[in-house]
Amino acid sequence: MIIYKLKVICLITYFFWPQTLLNQISFNNINMEIRKQLLELFLLKDELEYFHKELSDSKEISFKFRLIKQNLIVLNTFLESLSKFNIHIKENKELKERTRNIRKKGGLINHMRNKIGGHLDNDVLIRSAQWTPYIFHKNAKENRELQISLCYKSILEASINSYIDISKDEMQKEFGNEIDFFYPPDETIFYNYLGKINFDSIEWIKLVIETIEKDFVYFDNKEMFVESRIAGLTDFNLKKKFELPDKNQLKNNEFIELSLQALTEKDNSKKRDLLNKLSKKLEEKIKHLTINKINTDFGE
């Protein structure tokens, strides 16, 4: 019975949509813009939390180096997205201050991402080859795991150390000295920096989500019909300007009324009768649509 009911609901969801339900949801681009913001924040938060936890827990050096390289991409994506949320930032003093601090610390992340995250910069690669000659030692050739670990170490250090202040004797701009991961104080300095900016970014995202969700209304099952229809009309041609479907595409229909009656009916016998009636009407409608489709395809 449950499976049967679900099949009926799916058919309704695909073909028919009530104006009454349509009027209950916030059917406009502003609502979709908010959803887009939440979607972006949910993903960024999840990824940053993953990297933050794994970098804190992992002891395997090559794995950590790979994580850092991936972490840079997500962190930089987050940093570049900050301006999208200005409407929330400008009204919140705490968010303003947090945003300012994150941006101040984000220069090194952007530099590293540009040099070794999105691609491998030739200028960084050749300096990495000079910086860590042991990569090319005969012993390294016999230990590929060590060799790969040294490769990651070298490009990370080269990307960090090339972030320099030209006006101050070419000093490393963030830390004031070159970083070598084999020197424990340097390793600590960098991991503290990365951990702090990950943590601050996660907390920033949490605060913005909380701010947005104060006024955002999640829809319920009654609105699922219209939401599903809107989803089915998604246009994935990215060259077109995004627009939601016109309300006229979502028409009122007797099928919806029958389905709602069936779903809300408490008496099992009456519910079964309503579903049977609905099923017959749907079969007739689908048969009619199928015949029209065949006639159109064959030009009759």
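Computed from a predicted structure; not experimentally measured.

## Describing the overall build of the chain
Looking only at helices and strands, the chain has 14 helices and 2 strands in total. Looking at the chain as a whole, 36% of its 300 residues qualify as buried. Partitioning the intrachain contacts of the chain with sequence separation of at least 6 by distance along the chain shows that 72% fall at a separation of at least 24. Total accessible area computed for the chain in this model is approximately 19100 Å², and 54% of it derives from carbon and sulfur atoms.

## What to know about the packing of helix 4 (residues 61–81) against helix 10 (residues 144–161)
One can describe the packing of helix 4 onto helix 10 by two numbers: an axis separation of 9 Å at closest approach and a directional angle of 35°. At the point where helix 4 passes helix 10, the crossing takes the left-handed sense. Contacts between helix 4 and helix 10 involve Ile61, Ser62, Phe65, Arg66, Ile68 and Lys69 on the former and, on the latter, Glu145, Ile148, Ser149, Tyr152, Lys153, Ile155 and Leu156. Here the contact of helix 4 with helix 10 is built from residues that sort into 7 nonpolar, 2 polar and 4 charged.

## Quick notes on the side chain of glutamine 147
The residue glutamine 147 is located in helix 10 in this model. Classification of glutamine 147 as buried rests on a relative accessible area of 12%. For glutamine 147, the residues in contact, after removing those within four places along its chain, are Ile135, Ala140 and Lys141.

## Points about the nonpolar core
In this structure, Ile68, Phe78, Phe190, Leu194 and Trp204 are the most contacted members of the largest nonpolar core, which totals 45 residues. Counting only elements with at least two residues in this core, the list comes to helix 3 (29–57), helix 4, helix 6 (93–105), helix 7 (107–117), helix 10 and helix 11 (184–213). When residues in this core are grouped by element, the largest group, 12 residues, is from helix 11. Those residues in contact with phenylalanine 78 that sit more than four places away from it in its chain are Leu44, Leu48, Ile102, Ser201, Trp204 and Ile205.

## Looking at the pattern of salt bridges
In this structure the tally under the stated criterion is 13 salt bridges. The partner of aspartate 57 in a salt bridge is lysine 53, with the nearest N and O atoms 2.9 Å apart. Here lysine 53 and aspartate 57 lie together in helix 3, a separation of 4 residues that amounts to about one turn. On the basis of relative accessibility, which here comes to 45%, the residue aspartate 57 falls in the partly exposed class. The salt bridge partner of aspartate 200 is lysine 196, with a shortest N-O separation of 2.6 Å. You can see aspartate 200 and its partner lysine 196 sitting in helix 11, 4 residues apart, about one turn around the helix. In this structure, a network of salt bridges that share partners links the residues Lys153, Glu157 and Asp180.

## Considerations on the side chain of aspartate 165
Mapped onto the elements of the fold, aspartate 165 is located in strand 1 (residues 164–165). Overall, aspartate 165 belongs to the buried group, its relative accessible area being 19%. Engagement of the side chain of aspartate 165 in a polar contact is seen with the side chain of serine 167, the distance being 2.6 Å. Apart from residues lying up to four places away in sequence, aspartate 165 is in contact with Glu170, Met171 and Lys173.

## Observations regarding the confidence of the model for the chain
Predicted confidence across the chain gives a mean pLDDT of 85, with 82% of residues reaching 70 or more. Confidence drops under pLDDT 50 across residues 13–26; counting only partners more than four residues distant or on other chains, this segment forms 44 contacts.

## Describing the environment of isoleucine 148
Mapped onto the elements of the fold, isoleucine 148 is located in helix 10. You can call isoleucine 148 partly exposed: its relative accessible area is 37%. Measuring from C-alpha to C-alpha, the distance between isoleucine 148 and serine 62 comes to 7.6 Å, with 86 residues separating the pair along the chain.

## A few points about the packing of aromatic side chains
What describes a pair of aromatic rings is the distance from one ring centre to the other and the angle between the planes of the rings. Counted by the stated rule, this structure contains 11 aromatic pairs. With a centroid separation of 5.5 Å and an interplanar angle of 85°, the aromatic rings of phenylalanine 181 and phenylalanine 190 are classed as edge-to-face. Of the two residues, phenylalanine 181 and phenylalanine 190, neither departs from the other in class, the shared state being buried. With a centroid separation of 6.0 Å and an interplanar angle of 50°, the aromatic rings of phenylalanine 181 and tyrosine 191 are classed as tilted. Here phenylalanine 181, found in the loop between strand 2 (171–172) and helix 11, pairs with tyrosine 191, found in helix 11; they are 10 residues apart in sequence, far enough to count as distant. Neither residue differs from the other here; phenylalanine 181 and tyrosine 191 are each classed as buried. What links up through ring pairs into an aromatic cluster is the set Phe65, Phe175, Phe181, Phe190, Tyr191 and Tyr193. The ring of tyrosine 191 is capped by lysine 64, whose NZ or CZ atom sits 4.2 Å from the centre of that ring. The side chain of lysine 153 reaches across the aromatic face of phenylalanine 182, ending 4.3 Å from its centre.

What counts and how
- Residues numbered from 1 in each chain as written.
- Predicted model: local features only at pLDDT ≥ 70, side-chain atom pairs only at ≥ 80, totals over all residues.
- Heavy atoms only, no water.
- Helix = DSSP H or I, 4+ residues; strand = E, 2+ residues; numbered from the N terminus.
- Buried < 20%, exposed > 50% of the residue type's maximum accessible area, 1.4 Å probe, protein only.
- Contact = heavy atoms within 4.5 Å.
- Areas by Shrake-Rupley, 256 points an atom, 1.4 Å probe, with all protein chains shown as cover.
- Axes fitted to C-alpha atoms, helices over the stretch in contact; angles between N-to-C directions.
- Left-handed = near helix turned anticlockwise from the far one by under 90°.
- Nonpolar A, V, L, I, M, F, W, Y, C, P; charged D, E, K, R; others polar.
- Core = buried A, V, L, I, M, F, W, Y, C linked by side-chain atoms within 4.5 Å.
- Salt bridge = Lys/Arg side-chain N within 4 Å of Asp/Glu carboxyl O.
- Polar contact = N/O pair within 3.5 Å; in protein donor to acceptor, adjacent residues only side chain to side chain.
- pLDDT = per-residue confidence, 0-100.
- Phe/Tyr/Trp six-rings, centres within 6.5 Å; stacked < 30°, edge-to-face > 60°.
- Lys NZ or Arg CZ within 6 Å of the ring centre and 35° of its normal.

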